[in-house]
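A closer look at the structure
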Amino acid sequence: MAQDPIGLIGLGAYLPERVMTNADWAQRLDTSDEWITRRTGIKERRLARDDQTTLDLAAAAAESAIADAGLTAQDLDEIIVASDTPETYSPDTAAFLQHRLGAREITSYDLGGSGCAGFVLGLDIARARVRDRRRTILVVGVELLSRLMDWTDRHACILFGDGAGAAVVGASPRAARILAATAGTDGSQTDILGCPVGGTRYPFTLERAEKREHQKLVMKGSKVFKEAVTRMSAASRQVLAEAGLTLDDVDLVVPHQANQRIIQAVGQVLELPEEKVFVNVDRLGNTGSASIPLALWQAREAGRIKPGDLVLLTSFGAGFHWAALLLRF
Ligand code: UT7
């Protein structure tokens, strides 16, 4: 008997209501709407309320994905949370989320520190776990980057926003089938992008806290830019090759939303027409692990994805990590 396809059976999202525009940043920092728009394409981003934590964002996105799948939290068999801004370092956000959702005592774990590639990697892991055990798995990408960043560092803070996206992965005749996935890591460049203070290598000390180093994002911008373009393009080609498909078969590319120029460059390398590449970085900024599920959700809500469409997800983040995945809706 043919098995039901394994893929996405529900999608959900949560965006905080508070909008921070480039003009708002220009009131706090030596920057301008013109500079931010020209260098990044970002016009505004969402910021969580002071009383919200990562868990609040994750739970809201998770609940909408579970409802979209026509399920309840009791139906879940596993929870994976991708985030670099966890509720607490230990235990992980997934433990909090399992309890908040009222799920059973199911396996729950974080993919922490995988930068903006975590969510796509989570989908790939979920696919294997569903195939192995016929499970129903919730995958969440959530980021509360406004809480982590240094609000005086104009090089970095203007790039980021808060939000959460989620997907339920399962086996169902109506699933958006995961056709292929690929992921990789280049651990030789861990000093180019990340938040190093707080672990055992650079412990949290009073001296570092006084300099607010725990909120400092280390980012060599132009190096990250080039790597992002190279890796996201290569991962896209690789996942298509694994599925025996070509770029001509793709109906929509949903890339990690870091910078409009990065997205355009990936489109140029892959020789894709602009209308085949989904962009929401102008409205949301870079939401880290939440960027891909938020973009996928918005693309679907905007009617950009039709039944039968081939959708390519491609992501890149600190590590460096990258991951790409193909979906047949
Ligand atoms: O998910 C991955 C996370 N990170 C990224 O995706 C970042 C990838 N990199 C980028 O997006 C770009 O490199 C940036 C947007 C961060 C920077 O753009 P750039 O075109 O590479 O500019 P730059 O860093 O070379 O800076 C050019 C100038 C500098 O002035 P000088 O040294 O040439 O006098 C900066 O000080 O722009 C200045 N600058 C700013 N000016 C106004 C840097 N940030 C700002 C700012 N407003 N916010």
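Our subject is the structure listed above.
What you see is a predicted model, and the numbers here were worked out from it, not measured in a lab.

What counts as what
Residues numbered from 1 in each chain as written. Predicted model: local features only at pLDDT ≥ 70, side-chain atom pairs only at ≥ 80, totals over all residues. Heavy atoms only, no water. Helix = DSSP H or I, 4+ residues; strand = E, 2+ residues; numbered from the N terminus. Buried < 20%, exposed > 50% of the residue type's maximum accessible area, 1.4 Å probe, protein only. Contact = heavy atoms within 4.5 Å. Areas by Shrake-Rupley, 256 points an atom, 1.4 Å probe, with all protein chains shown as cover. Lys, Arg positive; Asp, Glu negative; His and termini not counted. Charge placed at Lys NZ, Arg CZ, Asp CG, Glu CD. Near = heavy atom within 4 Å. Polar contact = N/O pair within 3.5 Å; in protein donor to acceptor, adjacent residues only side chain to side chain. Nonpolar A, V, L, I, M, F, W, Y, C, P; charged D, E, K, R; others polar. Domains from an automatic or database assignment. Pairing = 2+ DSSP bridges. Axes fitted to C-alpha atoms, helices over the stretch in contact; angles between N-to-C directions. Core = buried A, V, L, I, M, F, W, Y, C linked by side-chain atoms within 4.5 Å. Phe/Tyr/Trp six-rings, centres within 6.5 Å; stacked < 30°, edge-to-face > 60°.

**Quick word on the overall build of the chain**
Across its full length, the chain holds eleven helices and 13 strands. Projected onto its principal axes, the C-alpha coordinates of the chain cover approximately 65 × 45 × 40 Å. By residue count, 54% of the 329 residues in the chain fall in the buried class. Long-range contacts, defined here as pairs at least 24 residues apart, represent 78% of the contacts in the chain between residues at least 6 apart. A total accessible area of about 14,300 Å² is found for the chain, and carbon and sulfur atoms account for 49% of it. In the chain, which carries 37 positive and 42 negative side-chain charges, the distance between the mean positions of the two groups comes to 3 Å.

**A look at the site of the ligand**
Near the ligand, the surroundings consist of 21 residues, among which T31, R39, R154, N259 and N286 are the closest. In this structure, an oxygen atom belonging to the ligand sits 3.2 Å away from a side-chain N or O atom of W35. Note that an oxygen atom of the ligand is positioned 2.9 Å from one of the side-chain N or O atoms of R39. In isolation the ligand has 960 Å² of accessible area, and contact with the protein removes 73% of it. Elements that contribute at least two residues to the shell around the ligand include exactly α2 (33-40), α8 (221-243) and α9 (260-269). It is α8 that provides the largest number of residues to the shell around the ligand, a total of four residues. Counted by class, the shell around the ligand contains nine nonpolar, eight polar and four charged residues. Here the shell around the ligand gathers at least three residues from each of two domains, domain 1 (6-174) and domain 2 (179-328).

**Some details on the environment of V169**
Here V169 shows up in strand β7 (residues 162-171). By relative accessible area, V169 is classed as buried at 0%. C-alpha of V169 to C-alpha of F320: the two residues are 151 residues apart in sequence and 26 Å apart in space.

**With respect to the sheet that holds strand β13 (residues 321-328)**
Taken together, nine strands build an open sheet; the order of strands is β5-β4-β6-β7-β1-β8-β13-β12-β11 and the sheet is mixed. Looking at which strands have only one partner, the edges of the open sheet turn out to be β5 (107-112) and β11 (252-255). Neighbour to neighbour, the strand axes of the sheet diverge by 25° on average, direction disregarded. Alignment of strand β4 (residues 78-83) against strand β6 (residues 137-144), held across five bridges, turns out to be parallel. The partner of V81 across the bridge, within β6, is V140. Those strands touched by α8 are β8 (176-185), β12 (310-317) and β13, and its axis lies near 145° from that of β12.

**With respect to the nonpolar core**
Among the nonpolar cores identified, the biggest contains 46 residues, and W25, I158, F160, I262, L312, F316 and F320 are the most heavily contacted of them. Per element, the largest residue contribution to this core is eight residues, and it comes from α8. Each of domain 1 (6-174) and domain 2 (179-328) contributes no fewer than three residues to this core. With 31 residues, the next largest nonpolar core counts I6, I137, A167 and L296 among its residues.

**A word on helix α11 (residues 291-301)**
Among the residues making up α11, those that are buried are S291, I292, P293, L294, A295, L296 and A299. Phi for G303, located one or two positions after α11, is positive at around 75°.

**Some thoughts on the packing of aromatic side chains**
Within the structure shown, the criterion is met by two aromatic pairs. Between W25 and W151, the aromatic rings sit 5.1 Å apart at their centres with planes inclined by 55°, giving tilted as the arrangement. Here W151 lies in the loop between α6 (145-148) and β7 and W25 lies in helix α1 (residues 22-28), a separation of 126 residues in the sequence. Judged by its relative accessible area of 0%, W25 falls in the buried class. For W151, a relative accessible area of 22% gives the class partly exposed. Look at F316 and F320: their rings are 5.0 Å apart centre to centre, the planes differ by 35°, and that puts the pair in the tilted class. On the basis of relative accessible area, F316 is assigned to the buried category, the value being 3%. Overall, F320 belongs to the buried group, its relative accessible area being 0%.

Read these as spatial facts, not as claims about activity.
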